[in-house]
Amino acid sequence: MRLSRYFLPVLKENPSEAQIVSHRLMLRAGMIKQSSAGIYSWLPLGFKVLKKIEGIVHEEQMRAGHIPLLMSTMQPAELWKESGRYDDYGQEMLRINDRHDRDMLFGPTNEEMITDIFRSHVNSYKDLPLTMYQVQWKFRDEIRPRFGVMRGREFYMKDGYNFDLSKEDALHAYNRHLVSYLRTYERMGLQAIPMRADGGPIGGDYTHEFLVLAETGESEVFYDSAVTDLSFGDREIDYDSVEQCQGVLEEFTTKYARTDETHDEALFNDIPEDRRRVARGIEVGQIFYFGTKYSESMGATVQTADGKSTPVHMGSHGIGVSRLLGAIIEANHDDNGIIWPEGVTPFHCGIVNLKQGDEAADAACNDLYKALTAAGLDPLYDDRKERAGGKFATMDLIGLPWRITVGPRGLKNGVVELTSRRSGESEELAPEAAVAKIVEIYQNHPSPQGF
Ligand code: ATP
Ligand code: MG
């Protein structure tokens, strides 16, 4: 993309309505525009990152064997009356009457709807296990929408649902989700720690929340610092293997890590004092096993091998896709702006032309642009007739991890400059070598096709 043809409405001033750094930077980098409290339009740069994150979520869900589908955002109230949650959910549910005065709602989550789909089409144990998921807009009429996309009213969420014949099978699905979530967040450059949580309105005994440590997080968390040494890395895992998934769960959940809802002071005090941590975190996901809660009330049953009818065991699993943008920025920024991890960056690298209109500089930039594009990468070429300082400030603000700077002086010596946004370090090298280096970097960070 050439910046002169793109839509990137960056702000010079700090917007006064933003209380936390991620919100401020998303507004300043021209990623989002509020349309009303807690509701945002996603401008091109924000949309690109949102889709990258969504793409990683899809890839990791499908890798775990989960099947994508898309349910409607609008739901009929009847389904929620069947489960008993229509009254329980309270004012967070946006209730709407259609022209025939039928009670509808904008889905805040989809347990009822997926259970209805399941019971309409699945009757036999032979069709189990089954896990389906979607990435879809949700609406919760939060009492205090704030912090930009972190606590929106309209937000983008991955929600998945498993259907299993037995509790044992459903717990395998639970463990499989935990593993796939660890992989998902790591690909986004985040450490998200699974913490023992509270069932809340969805209910259930087994639940973990995934928290990214950040001072601006809304949750208070208590953990053994040893959990921050754990990393999933690039290990191979067989998602069908009960032992392997169980092993990962144990590795990542045995050490103490809890939110304030489940915190136990006595257990916490058993941790050696120098490893006890009290901090704040951002919830970026949650997994639940809730047994037959919905399948019993809504009649989602299957025939077993011996011909009996039994309610299926279920769980649900969410990832806050739009909230993740805020969480990633909270964890990756400096005074000059965002620092995108390679896995989610909107453009793979920036090209800054120090002297637009100089024949040699223009030609070198065009060649770099072509070479990067031909290698399957998505560069952003700042081809505006602007001062170098302004171009650098924009690149730093929008946070592309790599920048190639091209100017007539370097070109006389056959070199361009390659700069890492994170370390600030630069090296001079031939244009072809800069391209080769960027291509190599992204081979280790496969990212989904961009928009
Ligand atoms: P919270 O406790 O933050 O209100 P929750 O526990 O009610 O969230 P879940 O039902 O677990 O949310 O939803 C799954 C994920 O969706 C959460 O882990 C979070 O990342 C994200 N999410 C929930 N509410 C919002 C919101 N209002 N804005 C943005 N993302 C949200
Ligand atoms: Mg939650």
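The model shown is predicted, which means the values in this text are computed figures rather than measured ones.

## Observations regarding the pattern of salt bridges
- Counting across every chain of the model gives 25 salt bridges.
- Between Asp-116 and Arg-119 there is a salt bridge whose closest N-O contact spans 2.9 Å. Taken together, the positions of Asp-116 and Arg-119, both in helix α5 (residues 111-121) and three residues apart, correspond to about one turn of that helix.
- Here Arg-275 and Asp-224 are joined by a salt bridge, their closest N and O atoms 2.8 Å apart. Of the two residues, Arg-275 is situated in the loop between α8 (265-269) and β13 (276-291) and Asp-224 in strand β11 (residues 219-224); the sequence distance between them amounts to 51 residues.

## Here's the deal with the coordination of the magnesium ion (ligand 2)
- Taken together, the protein donors to the magnesium ion (ligand 2) comprise Glu-283 (OE) and Gln-286 (OE1), at separations of 1.9 to 2.2 Å.
- The partly exposed category is assigned to Glu-283, whose relative accessible area is 25%.
- Judged by its relative accessible area of 11%, Gln-286 falls in the buried class.

## A word on the site of ligand 1
- In the vicinity of ligand 1 there are 14 residues, among which Arg-140, Glu-142, Arg-151, Gly-152 and Glu-283 approach most closely.
- In the model, an oxygen atom of ligand 1 is placed 2.7 Å from a nitrogen or oxygen of the Arg-151 side chain.
- Here an oxygen atom of ligand 1 sits 2.6 Å away from a polar atom, N or O, in the side chain of Glu-283.
- In isolation ligand 1 has 580 Å² of accessible area, and contact with the protein removes 84% of it.
- Cavity membership is defined here by more than half of the atoms lying within 2 Å of grid points; on that basis ligand 1 lies in the largest pocket.
- With four residues, the top contributor of residues to the shell around ligand 1 is β13.

## Topic: the domain arrangement of the chain
- For the chain, the assigned domains read domain 1 (9-338) and domain 2 (349-444).
- Of note, the centres of domain 1 and domain 2, computed from C-alpha atoms alone, are 38 Å apart.
- At the interface, twelve residues of domain 1 touch eight residues of domain 2.
- In total, domain 1 and domain 2 occlude about 800 Å² of area from one another, counting both sides; carbon and sulfur atoms represent 50% of this.
- Together, Val-10, Asn-336 and Ile-338 form the three largest contributors to the area buried by domain 1 at its contact with domain 2, with a combined 46%.
- One can count two salt bridges joining domain 1 with domain 2.
- We note a salt bridge from Lys-48 to Asp-378, for which the minimum N-O separation is 2.6 Å.
- For the interface between domain 1 and domain 2, the tally reads six residue pairs in polar contact (both at pLDDT 80 or more).
- Looking at the side of domain 1 that touches domain 2, the elements that each hand over two or more residues are α1 (21-28), α2 (44-63) and β18 (337-338).

Conventions adopted
Residues numbered from 1 in each chain as written. Chains lettered and ligands numbered in written order. Predicted model: local features only at pLDDT ≥ 70, side-chain atom pairs only at ≥ 80, totals over all residues. Heavy atoms only, no water. Salt bridge = Lys/Arg side-chain N within 4 Å of Asp/Glu carboxyl O. Helix = DSSP H or I, 4+ residues; strand = E, 2+ residues; numbered from the N terminus. Donors = N, O, S within 2.8 Å, 3.2 Å for Na, K, Ca; no water. Buried < 20%, exposed > 50% of the residue type's maximum accessible area, 1.4 Å probe, protein only. Near = heavy atom within 4 Å. Polar contact = N/O pair within 3.5 Å; in protein donor to acceptor, adjacent residues only side chain to side chain. Areas by Shrake-Rupley, 256 points an atom, 1.4 Å probe, with all protein chains shown as cover. 1 Å grid on protein atoms, 1.4 Å probe; cavity = no way out; pocket = protein on both sides within 12 Å on 5 of 7 lines; lining within 4 Å. Sits in = over half its atoms within 2 Å of the grid points. Domains from an automatic or database assignment. Contact = heavy atoms within 4.5 Å. Buried area = accessible area lost by both parts, 1.4 Å probe.

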